[in-house]
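# A closer look at the structure
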Amino acid sequence: MKITMAHGSGGRATSQLINDVFKNANSNPVLDMMEDAAVVAGSGRIAVTTDSFVITPLFFKGGDIGRLAVCGTVNDLLMRGAIPKYITSAYIIEEGADTDDLRRIAESMAETAREAGVIVVAGDTKVTEGSGNVYINTTGVGFVPEDTDIKSSDCKLGDALIVSGDLGEHHAAIMSRRMGIENNIKSDCAPLGEMVMNMIDAGIELHAMRDITRGGLGTVLNELASASGCGFELNEADIPVTPEVEGFARILGLNIMHMGNEGKLAAVVAERDAERALGIIKNSRYGAAAAIIGRVTGGEGVVMNTRLGGKRVITELFGEGLPRIC
Amino acid sequence: MPDLDGIKRYLREYDGESKIIMEVCGTHTASVSENGIADMLSPKIKLISGPGCPVCVTVAAYIDRLIELAMEENTTVISFGDMLRVTGSRLSLRDAAAVGGSVKIVYSPFEAISLAKASPERRFVFAAVGFETTTPIYALMSEQIINEDIKNLLLLTALKTMPAAIRAVSGANITGFLAPGHVGVITGHRLFEELARELGKPFVTAGFKGEELLAAIYALTKLKSGAALNLYPSAVTYEGNVRAREITNKYFEPCRAAWRGLGIIDGSGMKLRDEYSFLDIGSSGLVNDSVKDKGCRCGDVITGRISPRGCPLFGRVCTPDTPCGACMVSTEGSCFHYYINGRV
């Protein structure tokens with residue numbers, strides 16, 4: 001069935017759509033009450049984040065917009081050391097969208113939420129004119145354990161920098177799809193709760209964490225450097241990237257350091273805990289390819305020792321990261 | 001040739017005659033920056049960037065014409081992403097899109113065919129920019145347009161060929177050339193052998209990996225003037241890709257072309273042949289190159305007269321976010337690479 005403006009009328013068609021597609025997939029006691037607002041339990045310091053998801057295509061190798069909408073928000077909570085508990089999901093659906101697609105998206109969202117240990121407690125659906133696109137906003141709520149305080153401004157001289165796996169996969173997967181290039185590159189879209197919670201439980205001295213999304217590791221590290229008033233020194237040879245993504249980037253003139261992931265993090269940890277933290281990440285789901293790739297320096301900005309033996313500066317991403325001619 | 005460590009040591013400690021080597025190709029410039037090669041060389045070996053970035057050598061009049069077309073009713077300009085942010089005499093294509101111009105980015109010229117077929121009532125204009133490497137693709141595209149009788153897809157061309165540009169920049173200060181590997185795939189190494197003899201300077205055809213570039217630079221410090229060496233034989237043969245040249249020559253012929261920084265050079269461009277001129281939407285005569293920022297020295301950068309850091313705008317008013325000239329826009333542009341990779 002195709003979505004029409006009637007599905008956004010607030011009347012019978014709207015409630016049918018909500019019941020058939022969204023409530024079914026995400027059924028839980030809070031949502032099922034269908035009240036105007038969800039009332040949930042919790043205490044202590046609360047972390048809140050919100051994010052909107054716009055992606056073409058809606059379905060891609062390794063994920064879809066539903067999985068993405070959960071992972072993006074859950075991972076943002078985790079980066080502050082918060083334990084994710086609740087999310088909301090608001091859909092803006094263009095006329096012409098297919099209800100089978102919506103059902104797949106809602107189911108994928110529900111499955112990812114289960115994996116990430118969050119429940120969808122509130123939702124909204126709007127329909128607008130357009131050409132069948134779907135946009136999702138999710139807001140996440142999590143609780144921060146008592147002694148945990150992880151923030152971008154806490155990187156310290158000598159800290160180790162760990163990335164949790166191969167760079168660039170989401171970016172390369174989406175771009176391959178858009179360009180009609182056949183390959184085996186999959187989006188890495190994933191919730192990172194297991195590795196983060198395992199580190200926190202093990203008492204790792206985590207100073208700062210960021211998930212590596214749009215703008216890539218280069219942008220993340222420049223932001224951390226500027227928030228903490230420090231620099232980073234990286235070793236290119238240690239940066240994990242699959243040969244397939246590396247080749248894809250080379251052909252299109254894209255820079256691995258500016259390609260986004262959706263299931264990778266950069267963690268800045270006290271040097272004495274570095275090896276232990278690496279071991280924990282490697283033993284967690286989605287962390288097998290993790291590596292220590294550099295350290296915090298007293299300088300400013302991000303400098304990389306190239307594989308060849310030279311040095312180059314890594315800036316944040318400028319522009320859109322579009323492929324070049326030639 | 002010594003092993004990689006030997007080459008690195010030699011290049012670091014080199015104390016012979018001063019060498020000024022031009023990286024002709026934009027992808028070489030990118031690789032030099034990304035590998036941090038400039039800072040692995042002795043002060044007596046200097047690398048300068050050349051005219052091999054297709055976007056960077058495009059003149060303002062061409063961009064202006066694209067913008068006019070994008071603003072015309074029922075017309076969409078199709079372009080590669082690089083081109084969007086380059087400013088013509090006043091605006092860029094992206095500026096035009098922001099005020100209602102119709103501009104569409106594609107990754108391959110063949111997407112343009114699908115777009116044109118999907119909206120037969122609309123006119124599409126492809127911004128066909130590039131060198132020897134890209135022109136065969138436009139030839140194939142032209143062939144498909146003709147075979148399938150697609151009436152609503154036209155080309156605005158600013159196609160260029162390398163030899164004339166290399167001749168034009170080959171001033172006395174340049175001691176050798178890193179020959180453009182991608183162009184070589186099409187033209188064959190033979191072209192560089194001929195240029196080396198003609199200009200009396202060594203040419204080395206090089207691949208794009210860091211170690212391949214170091215080997216090529218090493219060779220350029222050793223080769224005699226007028227000698228040529230192919231260090232990229234896995235991709236570049238002596239004769240090149242004859243089929244690609246044939247299809248190019250079927251649809252295109254040499255013409256005068258205007259280059260940013262170099263001016264008008266006879267025989268340095270390619271245009272659709274007269275019998276296919278019905279595919280062209282008025283590409284000739286687009287030679288004016290007055291740019292908005294009078295201080296912009298892209299022209300001097302492209303011709304190797306100054307390094308990007310020698311331009312007074314570099315890094316101050318001109319950054320990848322606020323580019324004044326094309327060299328700061330393109331991911332193959334030398335200013336862009338000097339800026340984002342901190343190249344000295």
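Residues numbered from 1 in each chain as written. Chains lettered and ligands numbered in written order. Predicted model: local features only at pLDDT ≥ 70, side-chain atom pairs only at ≥ 80, totals over all residues.

### Observations regarding the overall build of chain A
Just so we agree on the cut-off: For the purposes of this entry, the term helix denotes a DSSP run of H or I that reaches at least four residues, the term strand denotes a run of E that reaches at least two, and both are numbered from the N terminus. Only C-alpha atoms enter the radius of gyration, while the globule expectation follows 2.2 Å times N to the 0.38, with N the number of residues. Any residue whose C-beta has 12 or fewer other C-beta atoms within 10 Å is treated as exposed, any with 20 or more as buried, and any in between as partly exposed, C-beta atoms being built from the backbone. Any pair of residues counts as being in contact when their C-beta atoms, constructed from backbone geometry, are within 7 Å of one another.
Per the secondary structure count, chain A includes nine helices and 13 strands. At 21 Å, chain A has a C-alpha radius of gyration in line with the 20 Å of a compact globule built from 326 residues. Out of the 326 residues belonging to chain A, those deemed buried represent 51%. A sequence separation of at least 24 residues applies to 86% of the contacts in chain A between residues at least 6 apart.

### Structural notes on the pairing of strand β11 (residues 263-272) of chain B
Residue and element names in this part refer to chain B. As a reminder of what qualifies: A pair of strands is considered paired only if DSSP assigns at least 2 bridges between the two.
Alignment of strand β6 (residues 153-160) against β11, held across two bridges, turns out to be antiparallel. Within β11, the position partnered with Lys160 by the bridge is Gly269. Count of turn residues in the strand β10 (residues 252-259)/β11 antiparallel hairpin: three residues, of which Gly261 carries a positive phi of about 90°.

### Structural notes on the domain arrangement of chain A
Residue and element names in this part refer to chain A. Stated formally: The start and end points of each domain follow an automatic or database-based domain assignment.
Domain assignment breaks chain A into domain 1 (5-144) and domain 2 (152-314). Centre-to-centre separation of domain 1 and domain 2, based on C-alpha positions: 28 Å. Contacts between the two partners involve 23 residues from domain 1 and, on the opposite side, 23 residues from domain 2. For the side of domain 1 that touches domain 2, the element with the highest residue contribution is helix α3 (residues 65-78), accounting for nine residues.

### Overview of the interface of chain B and chain A
Defined as follows: Side-chain classes are defined by residue name, with Ala, Val, Leu, Ile, Met, Phe, Trp, Tyr, Cys and Pro counting as nonpolar, Asp, Glu, Lys and Arg as charged, and the others, Gly among them, as polar.
Across the boundary between the two partners, chain B contributes 34 residues, which contact 17 residues of chain A. Mapped onto the side of chain B that touches chain A, the elements with two or more residues apiece are α2 (26-34), β5 (123-130) and α10 (210-222) of chain B. In terms of residues, the side of chain B that touches chain A owes the most to one element, α2(B), which gives four residues. Residue composition of the side of chain B that touches chain A, grouped by class: eleven nonpolar, 15 polar and eight charged.

### Details of the environment of Ser131(A)
In this structure, Ser131(A) sits in the loop between β5 (119-128) and β6 (134-144). Ser131(A) has contacts with Glu94(A) and Gly96(A), leaving out every residue within four places of it along the chain.

### A look at the sheet that holds strand β9 (residues 228-230) of chain B
Residue and element names in this part refer to chain B. As a reminder, the rule being used: The axes are straight lines fitted to the C-alpha atoms, using for helices just the contacting stretch, and the angles between their N-to-C directions are given from 0 to 180°.
The strand order across the open sheet formed by five strands is β2-β1-β7-β8-β9, and the pairing between neighbours is parallel. In this open sheet, the two strands that pair with only one neighbour each are β2 (45-52) and β9. Strand-to-strand twist across the sheet, computed as the mean angle between neighbouring axes with direction ignored, equals 20°. Strands β1 (19-25), β2 and β7 (176-179) of the sheet are contacted by α2, whose axis makes an angle of about 120° with β1.

### A word on the nonpolar core
Across soluble globular proteins, you tend to see nonpolar side chains buried next to one another. Condition: A set of buried residues qualifies as a nonpolar core if it consists of Ala, Val, Leu, Ile, Met, Phe, Trp, Tyr and Cys joined through C-beta atoms within 7 Å.
Residues Leu66(B), Leu93(B), Val204(B) and Ala216(B) are the most contacted members of the largest nonpolar core, which totals 111 residues. Considering each element in turn, this core owes the most residues, eight residues, to α10(B). Non-local contacts of Leu66(B), meaning those with residues more than four positions away in its chain, are made with Val77(B), Leu93(B), Ala127(B) and Leu156(B). Listed in part, the 96 residues of the second largest apolar core include Ile119(A), Met195(A), Val196(A) and Ala249(A).

### Re the domain arrangement of chain B
All names here are of chain B. By domain assignment, chain B separates into domain 1 (4-52 + 165-230), domain 2 (60-162 + 240-279) and domain 3 (298-339). With centres defined by C-alpha atoms, the gap from domain 1 to domain 2 works out at 31 Å. Taken residue by residue, the interface counts twelve residues in domain 1 and 14 residues in domain 2. The set of elements that each furnish at least two residues to the side of domain 1 that touches domain 2 consists of α7 (162-169) and α8 (181-187). In terms of residue count, α8 provides more of the side of domain 1 that touches domain 2 than any other element does, six residues in total. Residues that form the side of domain 1 that touches domain 2 fall into these classes: eight nonpolar, four polar and no charged.

### Points about the environment of Ser52(A)
Residues and elements named next belong to chain A. With respect to the helices, strands and loops of the structure, Ser52 is situated in strand β1 (residues 45-53). Taking the C-beta count within 10 Å as the criterion, Ser52 has 14 such neighbours and is therefore assigned partly exposed. When the C-alpha atoms of Ser52 and Asp154 are compared, they prove to be 27 Å apart, with 102 residues separating the residues in sequence. Excluding residues within four positions of it along the chain, Ser52 makes contact with Tyr135 and Asn137.

### Concerning helix α7 (residues 216-228) of chain A
Residues and elements named next belong to chain A. Rules: Expected span of a helix: the number of residues minus one, times 1.5 Å.
If you check α7, its first and last C-alpha atoms are 19 Å apart, about what 13 residues at 1.5 Å a residue would give, namely 18 Å. Within α7, ten of the 13 residues are buried, which leaves it mostly tucked inside the rest of the structure. Within α7 the residues assigned to the buried category are Gly216, Leu217, Gly218, Thr219, Val220, Leu221, Asn222, Leu224, Ala225 and Ser228. As for α7, its buried residues are in contact with β7 (160-163), β8 (206-211), β9 (231-235), β10 (265-269), β12 (301-305) and β13 (311-314). Gly229 occupies a position one or two residues after α7 and carries a positive phi of about 65°.

### Side note on the packing of helix α5 (residues 169-179) of chain A against helix α8 (residues 243-252) of chain A
A pair of packed helices can be characterised by two numbers: the angle between their axes and the separation between those axes. Residue and element names in this part refer to chain A. Spelled out, the test is: An angle counts as roughly parallel when it lies under 35 degrees, as roughly antiparallel when it exceeds 145, as roughly perpendicular when it falls between 65 and 115, and as oblique in every other case. A crossing counts as left-handed when the near helix is turned anticlockwise from the far one by less than a right angle, and as right-handed when that turn is clockwise.
In contact at an axis separation of 10 Å, α5 and α8 are set at 60° when each is read in the N-to-C sense. One element, α5, and the other, α8, form an angle in the oblique class. Along this stretch, α5 crosses α8, giving a crossing that reads as left-handed. Two secondary-structure elements touch here, α5 through Glu169, Ala172 and Ser176 and α8 through Val245, Phe248 and Ala249. In terms of residue class, the contact of α5 with α8 is built from four nonpolar, one polar and one charged.

### Focus: the packing of helix α1 (residues 4-13) of chain B against α10(B)
Residue and element names in this part refer to chain B. α10 packs onto α1 with a crossing angle of 55° between their chain directions and a minimal axis gap of 10 Å. Here α1 is positioned oblique relative to α10, judged by the angle of their axes. Judged by the twist between their axes, the crossing of α1 over α10 is left-handed. Two secondary-structure elements touch here, α1 through Leu4, Ile7, Lys8, Tyr10 and Leu11 and α10 through Glu211, Leu214, Ala215, Ile217 and Tyr218.

### Observations regarding the sheet that holds β13(A)
Residue and element names in this part refer to chain A. One open sheet accounts for seven strands, arranged β8-β10-β7-β11-β9-β12-β13; its pairing is mixed. Every other strand in the sheet has two partners, leaving β8 and β13 as the edge strands with one partner each. Mean inter-strand twist for the sheet, computed between neighbouring axes without regard to direction, equals 25°. For β7 and β10, the ladder comprises four bridges, and the chain directions are antiparallel. The residue bridging Leu161 from the neighbouring strand is Val268, located in β10.

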